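Residues per chain are reported as follows:
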Amino acid sequence: MLEIPSYHAMAAMAVTVAMFVEFVRGRLSIEIVSLLTIAVIAVGLYFFPLEGTRPIDGLALAFGGFGHYALITICALMIMGRGLVVTGALDPAARVLERVFKFNLQIGLLVSLVIALVLSMFINNTPVLVLMIPIFAALASRGALPTSKTLMPLNAASLLGGLSTTIGTSTNILVVSIAVDLGMREIGVFDFTPIVLIACLVALPYMWLVMPRLLNDNTAETSAGARMFHTRLRVGSQSFLAGQELAAVQDKLPAGITFHSPPLGPMQPQQRLHISGSHEALEDATRALKGELAPSWVLDRIKRTASSRSLDVMVVEMTVTGDSRLINRTLPSSGIADLYGVAVLGIHRPERLLGEKQQYSEGGDLRIVEGDVLLVMGIEPDLQEFARADSLLMLEGARELPRRSKALLSAAIMGFSVFTAAVGIFPIAISALAGAILMFVTGCVKFDRVGRALSGQVIVLVAASITIGRFIDESGAAAWLGETLSLGLAYLPPALVLAAIMAFVTVLTNFASNATAATVGTPIAFSIAAQLDLPPEPLVLAVLFGCNLCYATPIAYQTNMLIMAEGKYEFVDYIRTGVPLVVIMVATLSILLVLSYGL
């Protein structure tokens, strides 16, 4: 006879449902709902403590998520990812994938999904995704698919890869170890891999072709197109342009660059070519053509000053006002580099100013007029002094140039953390925290910029999810739900029994935690197997699979939260894309288990 759940268990289920409903409705921000959830649990357990506990223990449960190792791990991983971005360590990998995406966007996404799936079979999927998030952020900035359409499918693929072997996730190991303690044979590393790979083939078309279409393009919209800056590209001695005619190398030139008054005959080192393009296109041009947009002595001085003062080199856009002394001057005659130690990389002329007479000096340099936008590089104090002294208005959107001198160092730190976590030398929490500390100590990430790496939304959501998971577990709600499930399976065929167990564990893992789902679900599976006279192994595998089907909510797994900030996802995005995938996997895996074990 099923007993009525305790008041604490009913309260745990009610708070979980209320939180889920508020997340889906979206009327309150995720941060507010998360903090309200923590507050309700804290107040409730203080005045009505769990049996055998003190009021202060309820506060420890409610606020314990803020000091939980999972939250520390996620923050450390975000910091390491920031280190890879600000040092440009992943630019080579991004350029390789960019070529694939330029060939075909869909093929590029498919290749990426397969890579994430295969790597996660042998390496914990968290470091795999940490490596791929900044790569796809860089690809999005280069014109590939937006991160909102790629990170969710990549996360799903990495979770499927972790599902394929017993070493794919720590939850798999936990389920197998509990089953062994209960008397079942130990499941081998690849015993169920064929079953999962067949299911992956069924789910792959959905992740590849359907899931991106269910997600909105969350790229920040701009009111106008990218500004096009006119500049002089100085041909470097190592550039492939040296000694070549422009027509002969046209196919090798970077996209988005326009050559004005193309030179006649072969180009020579240090020849200045009039080009125009967006800021990103100009950066690609300097890298691909091995040229410079300003005199080398100016650029070298900026880098030396930044290094000696431990400051970042920044690129900002500045608008010329009517009071500026630069009006009617050209860049060579302005003396900007000598006076302020900054370099003007290009000039953008708004459309309303195009066509004015006497735009160029006798030497062919563009004369500056009111309303022009200058693209300026330097350290922040020098940029501010330049803007103040010459009556310029600094626009928003300043960008830090990658500290490429530390690119190899940041990549080595990330590689160390991933390797030590993947082979089991250290837990992921220790490896990630050590990597984040090394990023700070070596200067790959600066302490005063760490706020840019972290997401307040993710932090409070992780804390709330940990609190909810502990409350569901310690209140007895998870155990009561398991007992309720076991009573309703006596008259179902084996396929539906497996599907019901998998679905139950999936719901539990999406709202509590996969560790809780594994701890509660594995003994229940053994009990149901004994009652229905079924072999325990397929039912235990149903629990293992269900623990990994954590796609439907952001609180289900730490990688779901890692992608939330970068992809600008809402709670409903996880439901919209995750629930169909859960249904596909539950149905497919249940049928394959029945066929594999002859039930």
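Residues numbered from 1 in each chain as written. Predicted model: local features only at pLDDT ≥ 70, side-chain atom pairs only at ≥ 80, totals over all residues. Heavy atoms only, no water.

1. Description of the overall build of the chain
Helices and strands together make up the secondary structure of the chain, namely 24 helices and eight strands. Reported as C-alpha extents along the three principal axes, the dimensions of the chain are approximately 95 × 55 × 45 Å. Out of the 599 residues belonging to the chain, those deemed buried represent 52%. Across the chain, the fraction of contacts at a sequence separation of at least 24, relative to all contacts at a separation of at least 6, is 78%. As presented, the chain carries roughly 26700 Å² of accessible surface, and 62% of it is formed by carbon and sulfur atoms. (Helix = DSSP H or I, 4+ residues; strand = E, 2+ residues; numbered from the N terminus. Buried < 20%, exposed > 50% of the residue type's maximum accessible area, 1.4 Å probe, protein only. Contact = heavy atoms within 4.5 Å. Areas by Shrake-Rupley, 256 points an atom, 1.4 Å probe, with all protein chains shown as cover.)

2. Things to note about a nonpolar patch on the surface
A contiguous nonpolar patch, built from F416, F419, V423, I425, F426, I430 and L438 and spanning about 640 Å² of accessible area, is present on the exposed surface. Of all the elements in the fold, those that place two or more residues in the nonpolar patch are α16 (407-422) and α17 (428-441). By secondary structure assignment, the location of F426 is in the loop between α16 and α17. (Patch = residues over 30% accessible without salt bridge, like charges linked within 9 Å, V, L, I, M, F, W, Y side chains within 5 Å. Salt bridge = Lys/Arg side-chain N within 4 Å of Asp/Glu carboxyl O.)

3. Concerning the pairing of strand β5 (residues 343-348)
Of all the six residues making up β5, six are buried; the element is thus mostly covered by neighbouring parts of the structure. Here β5 runs beside strand β6 (residues 373-379); their pairing, made up of five bridges, is antiparallel. When the sheet's bridge partners are listed, V344 is paired in β6 with V376. (Pairing = 2+ DSSP bridges.)

4. With respect to the pairing of β6
Most of β6 sits inside the fold, with seven of its seven residues counted as buried. Side chains V373, L375, M377 and I379 project from β6 onto one buried face, and the interleaved L374, V376 and G378 project onto a second face that is buried too. Note that strand β4 (residues 313-320) and β6 share seven bridges and pair antiparallel. The residue of β6 that forms the bridge with T319 is V373.

5. Description of the environment of R329
Tracing the backbone shows R329 in the loop between β4 and α13 (331-334). R329 sits 40 residues away from V369 along the chain, and the two C-alpha atoms are 8.2 Å apart. Not counting residues within four places of it along the chain, the set of residues in contact with R329 comprises S334, L366, R367 and I368.

6. Concerning the packing of helix α2 (residues 30-47) against helix α18 (residues 456-474)
Relative orientation of the contacting elements α2 and α18 amounts to 35°, with a least axis distance of 9 Å. Both α2 and α18 take part in a crossing whose hand is left-handed. Counted together, I30, E31, S34, L35, T37, I38, I41 and L45 of α2 and Q457, V460, L461, A463, A464, T467, I468 and F471 of α18 form the full contact between these two elements. Classifying every residue of the contact of α2 with α18 gives eleven nonpolar, four polar and one charged. (Axes fitted to C-alpha atoms, helices over the stretch in contact; angles between N-to-C directions. Left-handed = near helix turned anticlockwise from the far one by under 90°. Nonpolar A, V, L, I, M, F, W, Y, C, P; charged D, E, K, R; others polar.)

7. Structural notes on the pattern of salt bridges
This structure, assessed with the given rule, holds eight salt bridges. A salt bridge links R325 to D390, with the nearest nitrogen and oxygen atoms 2.8 Å apart. One end of the pair, R325, is in the loop between β4 and α13; the other, D390, is in the loop between α15 (380-389) and β7 (392-394), with 65 residues separating them in the sequence. The partner of E385 in a salt bridge is R388, with the nearest N and O atoms 2.7 Å apart. With E385 and R388 both in helix α15 and three residues apart, the pair spans about one turn of that helix. Looking at E385, the relative accessible area reads 33%, which means it is partly exposed. What you see here is one network of salt bridges that share partners, running through R185, D191 and E537.

8. Quick notes on the environment of T166
Within the element layout of this structure, T166 appears in the loop between α8 (147-163) and α9 (170-181). Separated by 52 residues in sequence, T166 and V114 place their C-alpha atoms 19 Å apart.

9. Looking at the confidence of the model for the chain
Reading predicted coordinates in detail is not appropriate for stretches of low pLDDT. Looking at the chain as a whole, its pLDDT mean stands at 81, while 90% of the residues score no less than 70. The spread of mean pLDDT over the elements of the chain runs between strand β8 (residues 399-400), the lowest at 72, and helix α10 (residues 193-214), the highest at 93. (pLDDT = per-residue confidence, 0-100.)

10. What to know about the nonpolar core
Counting residues in each nonpolar core, the largest one holds 136 residues, and the members touching the most others are M207 and F545. With eleven residues, the single largest contributor to this core is helix α24 (residues 571-597). For F545, the contacting residues outside a window of four places in its chain are L163, F192, I195, V196, M502, L589 and L593. Core analysis: the next-biggest nonpolar cluster, separate from the first, contains 31 residues, L241, F259, A285 and L293 among them. (Core = buried A, V, L, I, M, F, W, Y, C linked by side-chain atoms within 4.5 Å.)

11. Examining the packing of aromatic side chains
Geometrically, a pair of aromatic rings is defined through the distance of the ring centres and the angle of the planes. Summed over all chains, the structure comprises four aromatic pairs. Seen in terms of ring centroids, Y46 and F47 are 5.3 Å apart; in terms of plane orientation they differ by 90°. Their pairing is edge-to-face. Residue Y46 is classed as partly exposed on the basis of its relative accessible area of 40%. On the numbers, 5.9 Å between centres and 70° between planes, the contact of Y569 with Y574 is edge-to-face. (Phe/Tyr/Trp six-rings, centres within 6.5 Å; stacked < 30°, edge-to-face > 60°.)

12. Describing the packing of α8 against α24
Axis angle and axis distance: for two packed helices, these are the angle between their axes and the distance between the axes, and together they describe the pair. Following both chains from N to C, one finds α8 and α24 inclined at 30°, their axes separated by 11 Å at the closest point. Judged by the inter-axis angle, α8 sits roughly parallel to α24. Relative to α24, the crossing made by α8 is right-handed. From α8, M152, A156, L160 and L163 reach across to α24, where they touch D573, Y574, T577, L581, M585 and L589. (Parallel < 35°, antiparallel > 145°, perpendicular 65-115°, else oblique.)

13. Some remarks on the state of the cysteines
Disulfide: a covalent bond formed between the sulfur atoms of two cysteine residues. The tally for this structure, following the rule as stated, stands at zero disulfides. Left unpaired, C200 is separated from the closest cysteine sulfur, that of C550, by 13 Å. The cysteine C550 is free of any disulfide, with C547 supplying the nearest cysteine sulfur at 8.9 Å. Overall, the relative accessible area of 2% leaves C550 in the buried class. (Disulfide = S-S within 2.5 Å.)

14. Description of α24
The terminal C-alpha atoms of α24 lie 38 Å apart, and with 27 residues this matches the ideal 39 Å at 1.5 Å per residue to within 8%. Helix geometry: α24 is bent most strongly at G578, by close to 30°, with proline P580 lying one to four residues after it. Trailing α24 by a residue or two, G598 shows a phi angle of about 60°, which is positive. (Expected span 1.5 Å × (residues − 1). Bend = angle between axes of the 7 residues up to and from the residue.)

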